[in-house]
Amino acid sequence: LAILEDLGDDLFARVIENGGDEIELYEAAGDVLAAAHRAPAPFTLPYRGGEWPILTYDHLALSANIDLFVEWMPKRDLEMRINEQTRLRWERVRENLIAKAEDFPRALILRDTHAENLIWLPQREGVARVGLLDFQDALLGWGEWDISMLVHDARRDVSAEARAAAKRAYLDGTGGSGEDFDERLAVLGAMNIMRIMGIFARLVVRDNKPRYDTFQPRLRRLLNETLSHPSMGEAKDFVSAVAPHLLVEA
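The model shown is predicted, which means the values in this text are computed figures rather than measured ones. Residue indices follow the written sequence of each chain, beginning from 1 at its first position. Local features in this predicted model are restricted to residues of pLDDT 70 or higher, and side-chain atom pairs are both shown and tallied only at a pLDDT of 80 or more, whereas totals for entire chains, interfaces and linings draw on every residue. The basis for the side-chain values is all heavy atoms of the structure; hydrogens and waters are excluded.

With that settled, the discussion passes to the overall build of the protein. Secondary structure elements follow DSSP: runs of H or I of four or more residues count as helices, runs of E of two or more count as strands, with numbering from the N terminus. Summing up its helical and strand segments, the protein has 11 helices and six strands in all. Relative to the 2.2 N^0.38 estimate, which gives 18 Å for 250 residues, the radius of gyration of the protein is 18 Å and therefore close to what a compact globule would have. Counting only C-alpha atoms, the protein reaches 55 × 45 × 40 Å along its principal axes. Looking at the 250 residues of the protein, the share that counts as buried comes to 49%. Each accessible area is a Shrake-Rupley estimate made with a 1.4 Å probe; only the visible protein chains count as cover when residues are assessed. When the accessible area of the protein is evaluated, it comes to approximately 12,600 Å², of which 51% is carbon and sulfur surface. The centroid of the 30 positive side-chain charges in the protein is displaced by 5 Å from the centroid of its 42 negative side-chain charges. The atom set for the radius of gyration is the C-alpha atoms, and the globule formula is 2.2 Å times the number of residues raised to the power 0.38. Burial classes: relative accessible area under 20% of the type maximum marks a residue as buried, over 50% as exposed, and values in between as partly exposed (1.4 Å probe, protein chains only). Working convention for charge: Lys and Arg count positive, Asp and Glu count negative, and His plus the chain ends are omitted. Note that the charge is assigned to NZ on lysines, CZ on arginines, CG on aspartates and CD on glutamates.

On to the side chain of R163, then. With respect to the element layout, R163 can be found in helix α7 (residues 160–174). Under this definition, polar contacts are N or O atom pairs within 3.5 Å; protein pairs additionally need one hydrogen-donor-capable and one acceptor-capable atom, and for neighbouring residues in sequence, both atoms have to be side-chain atoms. Side-chain polar atoms of R163 contact the side chain of E225, separated by 2.4 Å. Discounting residues that sit within four places of it in the chain, R163 has contacts with V151, H152, V158, L222 and E225. Contacts are residue-level and defined by heavy atoms, with any inter-residue pair within 4.5 Å sufficient.

Attention now moves to the nonpolar core. If you look at the biggest cluster of nonpolar residues, it comprises 50 residues, and the most contacted ones within it are F69, W145, M191 and F200. If one sorts the elements of this core by residue count, helix α8 (residues 178–205) sits on top with 14 residues. Take the buried Ala, Val, Leu, Ile, Met, Phe, Trp, Tyr and Cys residues and link them wherever side-chain atoms come within 4.5 Å; each set so joined is a nonpolar core. Grouped together as the second largest cluster of nonpolar side chains are 26 residues, A13, I16, L150 and F181 included.

Even without glycine at this site, R48 takes up a positive phi of about 45°. With respect to the helices and strands, R48 occurs in the loop between β1 (44–47) and β2 (50–53). R48 gets classed as exposed once you look at its relative accessible area, which sits at 77%.

Take the packing of aromatic side chains next. A ring pair, where both rings are aromatic, is described by two values, the distance of the centres and the angle of the planes. Aromatic contacts are taken between Phe, Tyr and Trp rings whose centres are within 6.5 Å, Trp giving its six-membered ring; a plane angle under 30 degrees counts as stacked, one over 60 as edge-to-face, and the others as tilted. Applying the stated criterion to the full structure yields 11 aromatic pairs. Consider the rings of F12 and W120, whose centres lie 5.9 Å apart with planes at 85°: the pair is edge-to-face. One end of the pair, F12, is in helix α1 (residues 12–17); the other, W120, is in strand β4 (residues 118–120), with 108 residues separating them in the sequence. Sitting over the face of the ring of Y57, R111 holds its NZ or CZ atom 5.0 Å from the ring centroid. The ring of F215 is capped by R155, whose NZ or CZ atom sits 5.9 Å from the centre of that ring. Working rule: Lys NZ or Arg CZ, within 6 Å of ring centre, within 35 degrees of ring normal, means a charge sits over the ring.

Everything listed is a geometric property; what it means functionally is a separate question.
Take a look at the structure:
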């Protein structure tokens with residue numbers, strides 16, 4: 001049973017384009033994600049007289065998602081050098097990233113919390129000021145995955161001030177450590193960005209949707225940002241080896 005509500009048309013992205021306070025909106029988004037992630041997650045949900053398990057964003061799902069980076073980016077970006085040797089190296093990098101992620105604390109996540117899936121409802125109070133669209137699959141993932149979708153937005157540049165406001169609100173709401181959060185956001189953010197780069201390359205090559213090329217420069221900048229964290233040295237070295245232009249041109 002899904003209970004839906006007409007939340008109106010004031011997407012965060014459009015409100016900000018029309019002069020809305022970006023910092024206020026991103027702070028509110030940080031608050032609502034903190035509320036969602038600190039809520040206890042059930043192990044199962046009732047379904048047609050039985051139970052539906054809450055699935056984990058597991059090794060198989062992560063592998064399939066971030067492999068899109070090496071499977072589809074070279075088909076669009078001919079400067080990217082993936083061969084049998086570099087693919088083996090990628091698999092080591094991927095496994096080490098997944099191992100880090102699997103040690104991070106889990107939360108029930110929405111998975112697609114960017115500015116075109118959030119609706120501003122300023123007449124309401126507290127977390128009810130943010131309407132949520134496009135929640136996906138009810139997976140046990142990581143809070144920082146949702147935060148990455150918010151602040152590493154492929155479709156718009158998020159100001160440093162708005163990012164800081166979202167992070168501050170989220171940490172205040174969850175009681176988390178800023179240092180730990182930064183590492184988790186770098187690891188999960190890089191994995192998420194590589195996933196999106198691969199998806200967008202596939203949309204261009206396979207599905208003939210060239211507009212998705214326009215998002216790649218921003219994604220390159222975001223990938224560089226996440227790879228600059230000290231914990232991401234191995235992944236950065238891999239990108240430098242197979243696609244140095246992704247680091248130079250960002």
